[in-house]
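One-letter residues, chain by chain:
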Amino acid sequence: MGSRSGAKCTSRTALTSGDEVEEERPLLTTASDEHRNADGRRCRGSSSGLAVFNLTHAIMGSGILGLAYAMAQTGIVLFRCALLLVLVASLAAYSIHLLLKLCQQSGVNSYEDLGTLALGRKGKIMAAGAIILQNIGAMSSYLFIIKSEMPKVIRGFLNYEPAANAWYMHGTYLLLLLALLVVLPLAFLPKIGFLGYVSCFSVFFMLFFTVVVIIKKFSVPCPLPPTNVTLGYYTLYNSNSSNSSDACSPKLFTLSLQSAYAIPTMAFSFLCHTSVLPIYCELQRPSTGKMQKVANTSISLAFIIYYLSAIFGYLTFYSSVSPELLEMYGLLTRHDSLVMSVRLCILMSVLLTVPLIHFPARKAVLKLVADGRPFSWLHHTLATLALITLVLILAIFVPNIKEVFGFVGATTSTCLLFIFPALFYIIVSREPLFSPPKMGALSLLVFGVAVCLMSITLIILGWARQHPHTNTHSWLHRGLV
């Protein structure tokens, strides 16, 4: 659907106080599996398979690189037993369940319209504003990563040291070229379902990364050679002194200030809620039951990839692991073609995520400025160009973009993931206040507020306590995108 507010999937039932709604009932007003394109021609909706790839792609971002470090900060008992990951994955799936249930009960099909139902125009502005800020922050952070890392990857593939003034060594030139050739054409597509095939490649890249992390576990020596290098925001000090047995054994349980960073980092790793409803409405015969299965499958697939990459990444480097996992492998060899291929795949996955998360941002903009109007290619084009231009400017000219939007993301991510679904459900649903569904929503609301306050507090503490050995607030920023 992307920005096309006209591609509605209306419910056959109105909001009722006691009637149970059949989850498998299709939401389209006809029994056909067809939708209409922006130009009015009929087209089939997206299959469940493509929807799974799109949603999995929306879930997984560069935060996967920091999960091994999260394990190092919590201990292998909490993380290896998957207690924390299961918790946050289950809560993410439950908040999606609340959104879908509200859509089925009320007949609306967008996050912004749910905000309108709950809190009037104020709720619509809150929901749309959170979506726009969150996705602009994520897109600009992803593009900043491309600008910073792509020249290093090219240098790693070359067998010689390129000239410093070569155009392909300038991140800005590479970023503009990739934006023109890849991001912009995909962002102009009018329906998010068209990106399903692109998402297949992105998920494959993440699987390739996970396989390489597993393979490297059995070839990387432990302890590492003596090292004193800076990896992004993190300075690694390593020596071959006496404690090799301690350095190469997993910690069963760890509790420290850094441990507190693990919960928000893992929670934000399952944020996909801005893409759920656009994908939902483009399904063939969309229903809450079908979309919940898509969401559960996507979260489960992301969970498996996260867990395997985190545990094998941690068991490779143990306490020496840094928030920049791929950089750790560069300590051993400068021109490892397998590692460089993985880095390129991760960068391409990050690049392909930009047009996907651009769709809900553009839709939110059009909901604010052109809601209720028929689809217009002029509005579609202007909104697309404005958003892509804005995130490119931020990525190129704001060097601390991840820190700026890290603070914003701590609030908007938590709202979209936990607070808004729970709050809207409590207000809109006519079930009794002390009914199990509303008590579940209330618990989710309390958890979301706690995570939001914790994230903001940790970011402020990180800014106040920066020193060469730890810069963990930037690890949290990576988790936010």
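Keep in mind it's a predicted model, so treat the numbers as computed, not measured.

The secondary structure content of the chain amounts to 18 helices and four strands. A total of 481 residues make up the chain; the buried ones form 59% of that total. Contacts in the chain between residues at least 24 apart in sequence constitute 80% of all its contacts with a sequence separation of at least 6. Split by element, the accessible area of the chain, about 18900 Å² in all, is 65% carbon and sulfur.

On to the packing of aromatic side chains, then. Applying the stated rule across the entire model yields eight aromatic pairs. Judged by centre distance (5.9 Å) and plane angle (85 degrees), the rings of W167 and Y168 are edge-to-face. What makes W167 partly exposed here is its relative accessible area of 48%. For Y168, a relative accessible area of 24% corresponds to the partly exposed category. With a centroid separation of 5.2 Å and 85 degrees between ring planes, the pair formed by F375 and W377 is classed as edge-to-face.

In this section: the pattern of salt bridges. Across all of its chains, the model carries six salt bridges by this definition. Measuring nitrogen to oxygen at the nearest pair gives 3.3 Å for the salt bridge that ties E431 to K101. Here K101 lies in helix α4 (residues 83-106) and E431 lies in the loop between α16 (401-428) and α17 (436-464), a separation of 330 residues in the sequence. Among the salt bridges present, the one from E149 reaches R343, with a minimum N-O distance of 2.8 Å. Of the two residues, E149 is situated in helix α6 (residues 121-157) and R343 in helix α14 (residues 337-369); the sequence distance between them amounts to 194 residues.

Our focus in this paragraph is the packing of α14 against helix α15 (residues 377-397). Between two packed helices, what matters for the description is the angle formed by their axes and the separation of those axes. Where α14 contacts α15, the axes come no closer than 10 Å and their chain directions differ by 120 degrees. With respect to their mutual orientation, α14 and α15 come out oblique. When the axes of α14 and α15 are compared, the crossing they make is right-handed. Mapping the contact onto sequence places H358, A361, R362, V365 and L366 in α14 and H379, H380, A383, T384, L387 and I388 in α15. Class assignment of the residues belonging to the contact of α14 with α15 gives a composition of six nonpolar, four polar and one charged.

One finds Y111, F209, F270, M291 and Y306 to be the most contacted residues of the largest nonpolar core, which totals 130 residues. If we ignore the near neighbours within four places in the chain, the residues touching F270 are I59, L85, V88, A89, A92, I299, A302, F303, Y306 and L417.

To continue, consider helix α12 (residues 288-317). If you check α12, its first and last C-alpha atoms are 43 Å apart, about what 30 residues at 1.5 Å a residue would give, namely 44 Å. Burial analysis of α12 places 21 of its 30 residues in the buried class, which makes it a mostly covered element. Backbone geometry just after α12 places Y318 at a positive phi near 55 degrees.

Time to look at helix α7 (residues 171-187). The largest bend along α7 reaches roughly 45 degrees and is located at A179. Here α7 has its buried residues at G171, L174, L175, L178, A179, V182, V183, L184, L186 and A187. The inward-facing, buried residues of α7 contact α6, α8 (196-216), α14 and α15.

Our next topic: the packing of α7 against α14. Where α7 contacts α14, the two axes come as close as 9 Å, and the packing angle between them is 40 degrees. Taken together, the axes of α7 and α14 are oblique relative to one another. Note on packing geometry: the crossing formed by α7 with α14 is right-handed. Of the residues in α14, those touching α7 at L178, V182, V183, L186 and A187 are L351, L352, V354, P355, H358, F359 and R362.

Below, the discussion takes up a nonpolar patch on the surface. There is a patch of nonpolar side chains on the surface, built from W167, Y173, L177, L180 and L181 and spanning about 560 Å² of accessible area. Residue placement: W167 occurs in the loop between α6 and α7.

Along the polypeptide, I214 turns up in helix α8. Overall, the relative accessible area of 23% leaves I214 in the partly exposed class. Placed 97 residues apart in sequence, I214 and I311 show a C-alpha to C-alpha distance of 8.9 Å. Beyond its immediate sequence surroundings of up to four residues, I214 is in contact with L308 and F312.

Now for the state of the cysteines. According to the stated counting rule, one finds zero disulfides in the structure shown. Between C452, a cysteine without a disulfide, and C415, which holds the nearest cysteine sulfur, the sulfur-to-sulfur distance is 5.8 Å. What makes C452 buried here is its relative accessible area of 12%.

It is worth spelling out the environment of L394 at this point. Looking at where L394 falls in the secondary structure, it is placed in helix α15. As a C-alpha pair, L394 and L143 span 251 residues in sequence and 9.0 Å in three-dimensional space.

Moving on, we come to unusual backbone geometry. Note: most peptide bonds trans; most residues except glycine with negative phi. Phi angles above zero are rare outside glycine, and R285 is one such case at about 45 degrees. Examined against the element boundaries, R285 turns out to sit in the loop between α11 (273-281) and α12. Given the relative accessible area of 30%, R285 is considered partly exposed.

About the thresholds
- For every chain, the first residue of its written sequence is number 1, and the numbers climb from 1 along that sequence.
- Local features in this predicted model are restricted to residues of pLDDT 70 or higher, and side-chain atom pairs are both shown and tallied only at a pLDDT of 80 or more, whereas totals for entire chains, interfaces and linings draw on every residue.
- As a convention, hydrogens and water are excluded, and side-chain values are obtained from all of the structure's heavy atoms.
- For the purposes of this entry, the term helix denotes a DSSP run of H or I that reaches at least four residues, the term strand denotes a run of E that reaches at least two, and both are numbered from the N terminus.
- Each residue's exposure class comes from its accessible area (1.4 Å probe, protein chains only) as a fraction of the maximum for that residue type: buried when under 20%, exposed when over 50%, partly exposed otherwise.
- When checking whether two residues touch, look at their non-hydrogen atoms; a contact exists if any pair is within 4.5 Å.
- The Shrake-Rupley method, run with a 1.4 Å probe, gives the accessible areas here. Residue values count only the displayed protein chains as cover.
- Two aromatic rings from Phe, Tyr or Trp, using only the six-membered ring of Trp, form a pair when their centres are within 6.5 Å; if the ring planes differ by under 30 degrees the pair is stacked, by over 60 it is edge-to-face, and anything between is tilted.
- Between Lys or Arg on one side and Asp or Glu on the other, a salt bridge is scored when a side-chain nitrogen of the former is within 4 Å of a carboxyl oxygen of the latter.
- Helix axes use the C-alpha atoms of the stretch in contact, all axes being lines fitted to C-alpha atoms, and the angles between their N-to-C directions lie in the range 0 to 180 degrees.
- Oblique is the label for any angle not under 35 degrees, not over 145, and not in the 65 to 115 range, which are roughly parallel, roughly antiparallel and roughly perpendicular in turn.
- Definitions for this section: a left-handed crossing has its near helix turned counterclockwise from the far helix by less than a right angle. A right-handed crossing has that turn clockwise.
- Each residue gets one of three labels, nonpolar for Ala, Val, Leu, Ile, Met, Phe, Trp, Tyr, Cys and Pro, charged for Asp, Glu, Lys and Arg, and polar for the others, Gly among them.
- In this description, a nonpolar core means a group of buried Ala, Val, Leu, Ile, Met, Phe, Trp, Tyr and Cys residues linked to one another through side-chain atoms lying within 4.5 Å.
- In this analysis, the expected span of each helix is defined as 1.5 Å times one less than the number of residues it contains.
- The seven residues ending at a residue and the seven starting there each receive a fitted axis; the angle between those axes is the bend at that residue.
- For patches, a residue must show more than 30% relative accessible area and have no salt bridge; joins then use 9 Å for like charges and 5 Å for nonpolar side chains, namely Val, Leu, Ile, Met, Phe, Trp and Tyr.
- Our working definition of a disulfide is a cysteine sulfur pair at a distance within 2.5 Å.

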